[in-house]
Amino acid sequence: MKIIKPQLLFLPLFFLFLSPSLFALQIGDAIPGFSVISGDGHILIRDDLLDKKGLIFYEDRSLMDINQDLKDYLKALNLDKNNIMTVVVVDCNDLGLFKKLWQDRLVDHSRKINLPVYGDWNGKMKDRFHLEDESSTFMVIDETGHVVYSQTGTITSSDFEQIGNLVH
């Protein structure tokens, strides 16, 4: 009988904690509770997305324009505003003295792209959704708050039609 050293038993657990993407929300998962605040003080919570489809762009501050082509495509679809909610959430955790500057930037960015832009000021949404650092994630949420599409990184135009079909 082979004896396994006790410290080796914990090694697989160590590697699980290294990558949040291992726990990332999957198709069919319910989105967890969250609260984010726009630059001008509007609060968005999970329940605001229920009973309608939700399109969530979660972006690192350095990647706020990475999926602008998808945002433009979705705007061109003239989606019914009563049944679909599109929001952009920017990772604004750890800003310290620059928080006021970023509040103003979120307001300006919201005007620029004509979509509500919220800040994840404490990083809790990123943690609860198990999102990667320094990345951009796009999700489609159904009326019950479940993920029906999720992609990290740049969404290519070859995926636009599939996304469009999900939101119609």
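Our structure's up above, just so we're on the same page.
Below: a short report on this structure. If you're wondering where the values come from, they're calculated on a predicted model, not measured in any experiment. (Residues numbered from 1 in each chain as written. Predicted model: local features only at pLDDT ≥ 70, side-chain atom pairs only at ≥ 80, totals over all residues. Heavy atoms only, no water.)

Quick notes on the pattern of salt bridges
This model, assessed by the stated rule, comprises 7 salt bridges. Note that Lys71 and Glu59 form a salt bridge whose closest N and O atoms lie 2.8 Å from each other. Residue Lys71 is located in helix H3 (residues 68-76), and its partner Glu59 is located in strand E3 (residues 53-60); the two are separated by 12 residues in the primary sequence. Between Asp133 and Lys126 there is a salt bridge, with the nearest N and O atoms lying 2.5 Å from each other. You can call Lys126 buried: its relative accessible area is 11%. (Salt bridge = Lys/Arg side-chain N within 4 Å of Asp/Glu carboxyl O. Helix = DSSP H or I, 4+ residues; strand = E, 2+ residues; numbered from the N terminus. Buried < 20%, exposed > 50% of the residue type's maximum accessible area, 1.4 Å probe, protein only.)

Some thoughts on H3
Burial in H3 covers these residues: Gln68, Leu70, Lys71 and Leu74. The arc that holds the buried residues of H3, viewed along the axis, is 160 degrees, so those residues lie on one side. Turned more than 90 degrees away from the buried face of H3, the exposed residues are Asp69 and Ala76. Where H3 is buried, its residues contact E3, strand E4 (84-91), helix H4 (99-113), strand E6 (136-141) and helix H6 (160-167). (Arc of directions from axis to C-beta. Contact = heavy atoms within 4.5 Å.)

Quick word on the sheet that holds E4
Taken together, the 7 strands give an open sheet; going across it, the order is E2-E1-E5-E4-E3-E6-E7, and neighbouring strands pair in mixed fashion. Looking at strand neighbours, the two that pair on one side only are strand E2 (43-45) and strand E7 (147-152), the edges of this open sheet. Adjacent strand axes in the sheet meet at a mean angle of 25 degrees when their direction is disregarded. Of the strand pairs in this sheet, E6 and E7 are connected by 5 bridges, and their pairing is antiparallel. Paired with Met139 across the bridge in E7 is Ser150. (Pairing = 2+ DSSP bridges. Axes fitted to C-alpha atoms, helices over the stretch in contact; angles between N-to-C directions.)

A short note on the nonpolar core
If you look at the biggest cluster of nonpolar residues, it comprises 24 residues, and the most contacted ones within it are Leu55, Leu70, Leu74, Leu106, Phe138 and Ile163. If you list the elements that add at least two residues to this core, you get E3, H3, E4, H4, E6 and H6. Those residues in contact with Leu106, other than ones at most four positions away along the chain, are Gly39, Met64, Val90, Cys92, Val117, Tyr118, Gly119 and Trp121. If you look at the next biggest cluster of nonpolar residues, it comprises 17 residues, including Phe34, Val36, Tyr58 and Val87. (Core = buried A, V, L, I, M, F, W, Y, C linked by side-chain atoms within 4.5 Å.)

Side note on unusual backbone geometry
Positive phi, close to 60 degrees, is recorded for Asn114, a residue that is not glycine. By the element assignment, Asn114 lies in the loop between H4 and strand E5 (117-120). Residues other than glycine seldom take positive phi values, yet His130 does so here, at roughly 55 degrees. Here His130 is to be found in the loop between helix H5 (124-129) and E6. What makes His130 partly exposed here is its relative accessible area of 30%.

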